[in-house]
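Structural description and commentary
Spelled out from the first residue to the last, the chains are:
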Amino acid sequence: MQDLIDYALKKGITLQDQGDCQFCGANVAGGVYECHANAHHLVELLDFNNPLFYQTRFLSVDAMALQHSEIHGPWNNHIHLTRLFLIFEKEVQWTYLKTPLLSVVINQYKKNKEEFLTPPPLQQRGTLTTSDLVGLTSTQDCVKLVRQWAMDVYTSYSDHHHLVSLIADTFLTRYR
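Attention in this report is confined to the structure presented alongside it.

Thresholds applied
Residues numbered from 1 in each chain as written. Predicted model: local features only at pLDDT ≥ 70, side-chain atom pairs only at ≥ 80, totals over all residues. Heavy atoms only, no water. Salt bridge = Lys/Arg side-chain N within 4 Å of Asp/Glu carboxyl O. Helix = DSSP H or I, 4+ residues; strand = E, 2+ residues; numbered from the N terminus. Buried < 20%, exposed > 50% of the residue type's maximum accessible area, 1.4 Å probe, protein only. Core = buried A, V, L, I, M, F, W, Y, C linked by side-chain atoms within 4.5 Å. Contact = heavy atoms within 4.5 Å.

What follows deals with the pattern of salt bridges. All told, the structure shown has two salt bridges when counted by the stated rule. When the shortest N-O distance is used, the salt bridge between Arg83 and Asp62 registers 2.5 Å. Highlighted residues: Arg83 in helix α5 (residues 76–88) and Asp62 in helix α4 (residues 54–67), separated in sequence by 21 residues. Neither residue differs from the other here; Arg83 and Asp62 are each classed as buried. Two residues, Arg125 and Glu70, come together in a salt bridge whose shortest N-O distance is 2.5 Å. Within this pair, whereas Arg125 is found in the loop between α6 (98–109) and α7 (139–156), its partner Glu70 is found in the loop between α4 and α5, the two being separated by 55 residues in sequence. Exposure class is identical for Arg125 and Glu70. Each is buried.

Spelled out as structure tokens, the structure:
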């Protein structure tokens, strides 16, 4: 959590520890801190060391990062949204080995560019949030809901799908 706090301070963001999550609007009492804690409920249900759940892990990380994009680095949205594009639109089965390759493509893409993906307005980045994860009790329900959550967030960034499709094409040309 320290990185979250440090990055918020650097950007002049005061993290709220009471009420709904200031970024995604999750119905929580403890603000963004409880929202992040809710995401950790997934590790109680899924063994992320099991390859069967790799995709679910990546989907949850991407959904969480994109719903809370202000507390990450400026190129973070490109990586997470491109990965969701590759998973949802190109049906790439994501593995841990592919993320560093995508980072290489993003790093080459961003040279001499100052664009950033502007996220949708606060609390309009999908209707599902980490609050929806808390009541889950089965791995099957968890996998299904995380996929819906990630798709919901991905859809909210539709203004940027064309841009990330270009990055995805470079990735696929180079590494598929």
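Moving on from the coordinates now.
Further remarks concern the nonpolar core. Counting residues in each nonpolar core, the largest one holds 55 residues, and the members touching the most others are Leu15, Cys21, Ile71, Leu86 and Trp94. Looking at this core, the elements that each hand over two or more residues are α1 (2–10), α2 (31–39), α3 (42–45), α4, α5, α6, α7 and α8 (161–175). A per-element tally of this core places α7 first, with seven residues. Here Leu15 is in contact with Leu4, Ile5, Ala8, Gln22, Phe23, Val32, Tyr33 and Ile71, once residues within four sequence places are set aside.

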